[in-house]
Amino acid sequence: MKIVSWNLNSIRSRLEILKKITQETEADVIALQETKAQDEDFPFDFIRKELGYEYIANLGMKAYNGVAILSKKPFDKVEVRNWVGKEDCRNIVAQIGDIEINNIYVPAGGDEPDAEINIKFAHKLSFLDDVSEWFEERKAEYEDKKIVFCGDFNIAPMENDVWSHKQLLGVVSHTPIEVERFARLQKSLDFTSVARMFGFTKSL
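A brief report on the enclosed structure follows. (Residues numbered from 1 in each chain as written. Predicted model: local features only at pLDDT ≥ 70, side-chain atom pairs only at ≥ 80, totals over all residues. Heavy atoms only, no water.)

## Structural notes on the sheet that holds strand E7 (residues 99-105)
Working step 1: If you trace the four strands from one edge of the open sheet to the other, you get E5-E6-E7-E8, paired in mixed fashion. Strands at the two margins of the open sheet, each flanked by one partner only, are strand E5 (77-80) and strand E8 (146-152). Between one strand axis and the next, the sheet turns by 15° as a mean value, whatever way the strands run.
Working step 2: Summarising the sheet, strand E6 (residues 91-96) and E7 pair through six bridges and their orientation is antiparallel. By the bridge assignment, Ile-92 is partnered in E7 with Asn-103.
Working step 3: On the sheet, helix H3 (residues 119-137) packs against E7 and E8 and is oriented at approximately 165° with respect to E7. (Pairing = 2+ DSSP bridges. Helix = DSSP H or I, 4+ residues; strand = E, 2+ residues; numbered from the N terminus. Axes fitted to C-alpha atoms, helices over the stretch in contact; angles between N-to-C directions. Contact = heavy atoms within 4.5 Å.)

## Let's talk about the packing of aromatic side chains
Working step 1: Within the structure shown, the criterion is met by 11 aromatic pairs.
Working step 2: Centroid distance Tyr-55 to Phe-75: 6.4 Å. Interplanar angle 70°. Geometry classified as edge-to-face. Linking Tyr-55 in strand E3 (residues 55-61) with Phe-75 in the loop between strand E4 (64-71) and E5, this pair joins segments that are 20 residues apart in sequence.
Working step 3: Taking relative accessible area as the criterion, Tyr-55 reaches 31% and is therefore assigned partly exposed.
Working step 4: Between Phe-153 and Phe-182 the ring centres are 5.5 Å apart and the planes differ by 80°, which places this aromatic pair in the edge-to-face class. In this pair, Phe-153 sits in the loop between E8 and helix H5 (176-188) while Phe-182 sits in helix H5, placing the two residues 29 residues apart along the sequence.
Working step 5: A residue is classified by how much of its surface remains accessible, and Phe-153, at 17% relative accessible area, is buried.
Working step 6: Members of the aromatic cluster, joined through ring pairs, are Trp-83, Trp-134, Phe-135, Tyr-142, Phe-149, Phe-153, Phe-182 and Phe-191. (Phe/Tyr/Trp six-rings, centres within 6.5 Å; stacked < 30°, edge-to-face > 60°. Buried < 20%, exposed > 50% of the residue type's maximum accessible area, 1.4 Å probe, protein only.)

By themselves these figures say nothing about function.
As structure tokens, then:
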């Protein structure tokens, strides 16, 4: 199964680029973040007729957040997961055969990397803790299952992710506390970073 993940920052503004991606990759599944479209505004017809993705799971908000999974294969189950007591359209899960596709959009965290004075940063850290704890509690349940966890994590954990790791240590998305939270999430189910392992990344 070939899977593409992309934060496209408004699906209605990126349809032609999305079409190009589908033609170039011939992906079976596409996970999208920051779609910014409610069901009534989501381009279901275009995606089905022009792109060939018959099965669509959309979790959208007007002009804000939103995640979607497009698939050429039918869904056996679709689930919405809400974190930190908020229903803000950041996580949708689709079961396709024996594979669980978990598509997530982690909060950006605002501008100030201090949870005591920046509620957005506090939300981000709590969000990551919630997700990690959820998987940690179900580790035995997932032991023999196939799961793909993709999306926009809004964290650059490695030195080679950015132009200057040292200069960005005090900037949101690069701070040690966020990297620690990301490491905990990875460890929760012993996830392997396939993009790093195989180099499956592309700039648009």
